[in-house]
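Residue-level listing of the chains:
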Amino acid sequence: EAGVTQSPTHLIKTRGQQATLRCSPISGHTSVYWYQQALGLGLQFLLWYDEGEERNRGNFPPRFSGRQFPNYSSELNVNALELEDSALYLCASSLQENTEAFFGQGTRLTVV
Amino acid sequence: AQSVTQLDSQVPVFEEAPVELRCNYSSSVSVYLFWYVQYPNQGLQLLLKYLSGSTLVKGINGFEAEFNKSQTSFHLRKPSVHISDTAEYFCAVSDTGSNYQLIWGAGTKLIIKP
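Remember, it's a predicted structure, so these values are computed and weren't measured experimentally. Residue positions are given per chain, counting from 1 as you read along its sequence in written order. Working convention: letters from A go to chains and numbers from 1 go to ligands, in the order in which they are written. Where totals are concerned, whole chains, interfaces and linings use all residues; where local detail is concerned, this predicted model gives features only for residues with pLDDT of at least 70, and gives and counts side-chain atom pairs only at 80 or more. Here the side-chain values reflect all heavy atoms present in the structure, with hydrogen atoms and water set aside.

Outline the side chain of histidine 75 of chain B, listing residues and values.
Think of it this way: any DSSP run of H or I at least four residues long counts as a helix, any run of E at least two long counts as a strand, and we number them from the N terminus. Relative to the elements of secondary structure, histidine 75 of chain B occurs in strand 9 (residues 73-78). With a 1.4 Å probe rolled over the protein chains alone, any residue whose accessible area is under 20% of its type maximum counts as buried; one over 50% counts as exposed, and the rest are partly exposed. The buried category is assigned to histidine 75 of chain B, whose relative accessible area is 12%.

Next comes the structure, spelled out in structure tokens:
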């Protein structure tokens with residue numbers, strides 16, 4: 001069974017551009033979570049989607065947004081990129097909000 | 001507010017030696033505690049979790065952790081490490097068990113020396 005898959009694995013953008021990151025959850029999982037892992041820091045919760053709806057978001061500015069599609073895949077959009085947005089972005093999925101979350105390998109976003 | 005402190009950013013240890021990775025948390029309510037492992041170029045994987053009951057929790061790959069409420073700690077231990085244990089280990093806490101409410105430590109890199 002395929003795990004959580006993220007694309008692309010690496011993404012290089014210039015300041016001010018937009019980035020789109022994609023995530024496919026494990027089959028049957030309806031909850032998708034996005035986290036930012038900046039260098040030397042722990043994971044910071046970004047967004048939680050379930051059944052196509054945004055259920056909760058972390059303490060990030062509105063230029064971080066996303067959506068969940070009918071097949072439960074998700075995309076994260078970051079507008080007006082800033083240098084400090086450079087980080088590893090991890091996606092995770094779970095059956096329910098309080099069951100084990102399974103993580104993808106992440107997308108390494110570099111803003112230059 | 002909750003917080004998690006992983007006291008060591010890196011822990012070097014010789015192969016077959018024991019290891020302890022330290023995690024302290026602060027919370028005013030009861031908590032759920034987790035350890036995740038991130039192998040190089042891979043996503044995070046759940047090692048073990050404490051929800052309630054016995055304070056000694058056994059996880060995968062021979063790891064175990066002990067919940068100490070009085071010291072607000074949840075240290076991870078393994079009696080004998082292997083080169084394949086080289087990874088970054090993250091401690092996380094939640095007061096609800098909800099994935100989106102996990103508070104994460106900064107991680108500890110376990111470096112196995114041959």
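Pulling in residues and values, what's your account of the interface of chain A and chain B?
Only heavy atoms enter the contact rule, under which two residues are in contact if any of them lie within 4.5 Å. At the junction of the two partners, chain A supplies 22 residues and chain B supplies 15 residues. Surface buried jointly by chain A and chain B totals about 1,500 Å² across both partners, of which 54% is contributed by carbon and sulfur atoms. The working definition used for a salt bridge is a side-chain nitrogen of Lys or Arg within 4 Å of a carboxyl oxygen of Asp or Glu. Where chain A meets chain B, there are 0 salt bridges. Pairs of N or O atoms within 3.5 Å make up the polar contacts considered here, provided that, within protein, one atom can donate a hydrogen while the other can accept it, and that residues adjacent in sequence are counted only when both atoms are side-chain atoms. Applying the counting criterion to the chain A and chain B interface returns 1 residue pair in polar contact (both at pLDDT 80 or more). Residue assignment for the side of chain A that touches chain B shows that the elements contributing at least two residues are strand 4 (31-37), strand 5 (43-50) and strand 9 (87-94) of chain A. By definition, the buried area sums, over both parts, the 1.4 Å-probe accessible area that each loses when the two are put together.

How would you sum up the confidence of the model for chain B? Please name residues and give values.
Looking at chain B, the pLDDT average stands at 91 and 99% of residues meet or exceed 70. For chain B, strand 11 (residues 103-104) of chain B is the element with the lowest average pLDDT, namely 90, and strand 3 (residues 19-21) of chain B is the one with the highest, namely 98. Residue-level confidence of the predictor is summarised by pLDDT, bounded by 0 at the bottom and 100 at the top.

Can you break down the sheet that holds strand 7 (residues 64-68) of chain A residue by residue, with the values?
Residue and element names in this part refer to chain A. With respect to topology, 4 strands assemble into an open sheet ordered 1-3-8-7, the strand pairing being antiparallel. What marks the edges here is a single partner per strand, and that holds for strand 1 (5-7) and strand 7. The mean angle between the axes of side-by-side strands here comes to 20°, regardless of whether they run parallel or antiparallel. In this scheme, strands are said to pair when DSSP sees at least two bridges between them. Relative to strand 8 (residues 74-78), strand 3 (residues 19-24) runs antiparallel, the two sharing 5 bridges. Each residue of the ladder has a partner; that of leucine 21, found in strand 8, is leucine 76. As a rule, the C-alpha atoms of each element are fitted with a line to give its axis, helices using only the stretch in contact, and angles between N-to-C directions run from 0 to 180 degrees.

Can you tell me about the state of the cysteines, naming the residues and giving the values?
Disulfide: a pair of cysteine sulfur atoms within 2.5 Å of each other. Within the structure shown, the criterion is met by 2 disulfides over all chains. The disulfide that involves cysteine 23 of chain A links it to cysteine 91 of chain A, with 1.8 Å between the sulfurs. Residues cysteine 23 of chain A and cysteine 91 of chain A are joined by a disulfide whose S-S torsion is about -65°; by sign, that bridge is left-handed. One end of the pair, cysteine 23 of chain A, is in strand 3; the other, cysteine 91 of chain A, is in strand 9, with 68 residues separating them in the sequence. Taken individually, cysteine 23 of chain A and cysteine 91 of chain A each receive the classification buried, so the pair is uniform in this respect. Bridging cysteine 23 of chain B to cysteine 91 of chain B, the disulfide has an S-S length of 2.0 Å. Residues cysteine 23 of chain B and cysteine 91 of chain B share a disulfide whose torsion about the S-S bond is about -65°; that sign makes it left-handed. Here the residue cysteine 23 of chain B occupies a position in the loop between strand 3 and strand 4 (24-26), and cysteine 91 of chain B occupies one in strand 10 (residues 87-94), the gap between them amounting to 68 residues. Classification of cysteine 23 of chain B by relative accessible area gives buried; the value is 0%.

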